Amino acid sequence: MRPHIHLVSDATGETLKSVAKAALVQFQKSQEEVETHTWALVRKPLQMERVVEAIAAMGGLVLFTIVDPQLREILVKGCAKAKLPIVPVLDPVILAFGKYLGEKAQNLPGRQHELDAEYFHRIDAMHFTIAHDDGQLTMDIEKADIVLVGVSRTSKTPTSIYLANRGYKTANVPIVPGLVIPPELENARQPLVVGLTTSPDRLVSIRRNRLISMHESTQTDYVDDERVREELNIARKLCAKHNWPMIDVTRRSIEETAAAILNLHARREEQRKQQALDLDAPPQKGPRA
């Protein structure tokens, strides 16, 4: 029998999915072998009773993020009756926060998904990013938080979308041999500009698969080894000329690439804050004669 994992949440279940995925990759059984069931938005006793019945029928490990005491009791007792292991994923974290902050948790479901200012900020970032994909609307690129540059098929667009979902207005501009980059990008001072690169072999493979999926001929400079190496060298020299940091995405997932970019962004913001503090500091008096 395939092992079952049940994720029971009173919200979207995204937290549990992330935790389960991070844990599963540490074991030999692949995620394809483990059957994961997500029971989201469980907020009524009757809902929980039905979920418990379904879980008991299948068996497996249960992870949950339920804050309502009545719903928790139904789930915990149901799993105990069925002799199923159960893990309250957020309990240790909430307990630690409560002790540190000296405050009792409010136990309100789905608070992280409320339509607050941060939510609408992310929506604005997403709109900006979509409108500034692949070199579009470069005239207002100064409004971006981050700009990604690189040759074709270096994951600029998916990385931009991921960053937008984190609340960062992200534009991306392709580097095309023979074409100059937009002057607005060269003169940009507000956004962090980051170059994305990859190994020639991987880039050729990705481009060839792209052409095949589009039923296009693979006999083109677009997938020529020598031409691809030249493109990557041009991009590398351009980033070096403007002192733009580069990230090699060859063995990185989108999430890992985005994390590296956000580290660069955070470091840059800290440096700017420190510079501002230094400018605001009163002048030091020299030693008295």
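Bear in mind that the values here come from a model prediction, so they are computed numbers and not experimental data. (Residues numbered from 1 in each chain as written. Predicted model: local features only at pLDDT ≥ 70, side-chain atom pairs only at ≥ 80, totals over all residues. Heavy atoms only, no water.)

Draft legend 1. Focus on helix α2 (residues 45-58). Between its terminal C-alpha atoms α2 stretches 20 Å, which fits the 20 Å expected from 14 residues at 1.5 Å a residue. Within the sequence span of α2, burial applies to Met48, Val51, Val52 and Ile55. Angular distribution of buried residues about the axis of α2 spans 100 degrees; they occupy a single face of the element. In α2, the exposed positions angled more than 90 degrees off the buried face are occupied by Arg50, Glu53 and Ala57. Buried-residue contacts for α2 involve β1 (4-9), β2 (35-39), β3 (61-65) and α3 (69-81). Residue glycine 59 follows α2 closely and has a positive phi angle near 80 degrees. (Helix = DSSP H or I, 4+ residues; strand = E, 2+ residues; numbered from the N terminus. Expected span 1.5 Å × (residues − 1). Buried < 20%, exposed > 50% of the residue type's maximum accessible area, 1.4 Å probe, protein only. Arc of directions from axis to C-beta. Contact = heavy atoms within 4.5 Å.)

Draft legend 2. Inspection of the environment of glutamine 47 at higher detail. Within the secondary structure layout, glutamine 47 lies in helix α2. For glutamine 47 and aspartate 145, which are 98 residues apart along the polypeptide, the C-alpha to C-alpha distance reads 43 Å. Glutamine 47 has contacts with Leu41 and Val42, leaving out every residue within four places of it along the chain.

Draft legend 3. Up close: a nonpolar patch on the surface. Taken together, the side chains of Leu90, Val93, Ile94, Phe97, Tyr100 and Leu101 make up a nonpolar region of the molecular surface, amounting to roughly 630 Å² of accessible area. Looking at the element boundaries, tyrosine 100 is found in helix α4 (residues 91-101). (Patch = residues over 30% accessible without salt bridge, like charges linked within 9 Å, V, L, I, M, F, W, Y side chains within 5 Å. Areas by Shrake-Rupley, 256 points an atom, 1.4 Å probe, with all protein chains shown as cover. Salt bridge = Lys/Arg side-chain N within 4 Å of Asp/Glu carboxyl O.)

Draft legend 4. Examining the pattern of salt bridges more closely. On inspection of all chains with the given rule, the structure shows eight salt bridges. A salt bridge links aspartate 91 to arginine 72; its shortest N-O distance comes to 2.6 Å. In this pair, aspartate 91 sits in helix α4 while arginine 72 sits in helix α3, placing the two residues 19 residues apart along the sequence. The class of arginine 72 is partly exposed, set by a relative accessible area of 24%. With a shortest N-O distance of 3.0 Å, arginine 207 and glutamate 231 are connected by a salt bridge. Residue arginine 207 is found in helix α8 (residues 200-213), and its partner glutamate 231 is found in helix α9 (residues 225-241); the two are separated by 24 residues along the sequence. Relative accessible area serves as the criterion here: at 8%, glutamate 231 is assigned to the buried category.

The analysis is restricted to geometry; functional conclusions fall outside its scope.
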